[in-house]
Amino acid sequence: QTVLGVGMNNGKSPDLYGPYWVTLTLMFFVAMTSNMHMYIHSNNLNDFEYDIRHLVRAMSVLSFFTIGLPVVFFFTFRFFGIQVTLIELVCLYGYSLVPYFPAVIVCLIPWGFFGWLFLLAATGVSVMLVLRNVAGPVLASEISQSKAGPILVAVLLCHFVFFLVLKLSFYHKHAH
């Protein structure tokens, strides 16, 4: 068994094409909609300027969520003897970003409650996708149930932190 897991599962190898494009597209969506959000909430529209830092921040946050977090969980899983490949985790986390597309568009609505609600719903769908695919190998491994629970809670908490970072870094009402 390889670290990346290429050629495993009887020819049903995960692809990285989808997660790559999902992540890259969401980076631009987040940067664009967060700037539109700033424009909508700007007190002085004449002084409004597009903030390119949103794109850089979106790239950093989403790259860590799609690549960094799966690497951390891969090594954690390896430490506990849980059989999940790195490519499978990267694919899971990449595809788990899909529910955020409509959520970030809804964040343009001037009422902050909708942004919180839709981002939270997207996070719920996203974490369910990851947990649905990770819980089986975690619970089937030889680690005790007392260790499986905290590992699955860590997955949940990482998604919640991601939700807070998205909302507070990109769609929080900024005073201008």
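Our subject is the structure listed above.
It should be emphasised that the depicted structure is a prediction, and the values quoted were computed from it without experimental measurement.

So, how was this worked out
- Residues numbered from 1 in each chain as written.
- Predicted model: local features only at pLDDT ≥ 70, side-chain atom pairs only at ≥ 80, totals over all residues.
- Heavy atoms only, no water.
- Patch = residues over 30% accessible without salt bridge, like charges linked within 9 Å, V, L, I, M, F, W, Y side chains within 5 Å.
- Areas by Shrake-Rupley, 256 points an atom, 1.4 Å probe, with all protein chains shown as cover.
- Salt bridge = Lys/Arg side-chain N within 4 Å of Asp/Glu carboxyl O.
- Helix = DSSP H or I, 4+ residues; strand = E, 2+ residues; numbered from the N terminus.
- Core = buried A, V, L, I, M, F, W, Y, C linked by side-chain atoms within 4.5 Å.
- Buried < 20%, exposed > 50% of the residue type's maximum accessible area, 1.4 Å probe, protein only.
- Axes fitted to C-alpha atoms, helices over the stretch in contact; angles between N-to-C directions.
- Parallel < 35°, antiparallel > 145°, perpendicular 65-115°, else oblique.
- Left-handed = near helix turned anticlockwise from the far one by under 90°.
- Contact = heavy atoms within 4.5 Å.
- Nonpolar A, V, L, I, M, F, W, Y, C, P; charged D, E, K, R; others polar.
- Expected span 1.5 Å × (residues − 1).
- Bend = angle between axes of the 7 residues up to and from the residue.

Quick question: what am I supposed to make of a nonpolar patch on the surface here?
On the surface, Ile 109, Trp 111, Phe 113, Phe 114, Leu 117 and Phe 118 cluster together into a nonpolar patch covering about 620 Å² of accessible area. Here Leu 117 shows up in helix H5 (residues 112–140).

Help me out: how do you make sense of the nonpolar core in this one?
Generally speaking, a soluble globular protein has its nonpolar side chains buried in company with each other. Residues Val 30, Phe 77, Leu 119 and Val 138 are the most contacted members of the largest nonpolar core, which totals 42 residues. Among the elements of the structure, helix H1 (17–40), helix H2 (53–79), helix H3 (86–95), helix H4 (100–106), H5 and helix H6 (145–170) are those that each provide at least two residues to this core.

Would you take a moment to explain the packing of H1 against H3 for this structure?
The packing of two helices is summarised by the inter-axis angle and the distance between the axes. Here H1 crosses H3 at 40°, and the two axes come no closer than 8 Å. Between H1 and H3, the angle falls in the class oblique. Once H1 is placed against H3, the crossing between them reads as left-handed. Only Val 90, Cys 91, Gly 94 and Tyr 95 of H3 make contact with H1, whose side of the interface consists of Gly 18, Pro 19, Val 22 and Thr 23. Looking at the contact of H1 with H3 residue by residue, the class counts come to five nonpolar, three polar and no charged.

Quick question: what am I supposed to make of H2 here?
An α-helix turns once every 3.6 residues. As a result, residues three or four positions apart point the same way. With 27 residues, H2 should cover 39 Å at 1.5 Å per step; its first-to-last C-alpha distance of 37 Å lies within 8% of that length. Of all bends in H2, the biggest is about 40°, found at Phe 64. Residues His 54, Ala 58, Val 61, Leu 62, Phe 65, Thr 66, Gly 68, Leu 69, Pro 70, Phe 73, Phe 74 and Phe 77 constitute the buried set of H2. Of the residues trailing H2, Gly 81 is marked for its positive phi of about 75°.

Help me understand H5, please; the structure alone is not making it clear to me.
The terminal C-alpha atoms of H5 lie 41 Å apart, and with 29 residues this matches the ideal 42 Å at 1.5 Å per residue to within 8%. In the structure, H5 departs most strongly from a straight axis at Val 134, where the bend amounts to approximately 35° and where the proline Pro 137 lies between one and four residues downstream. On its buried side, H5 packs onto H2, H3, H4 and H6.

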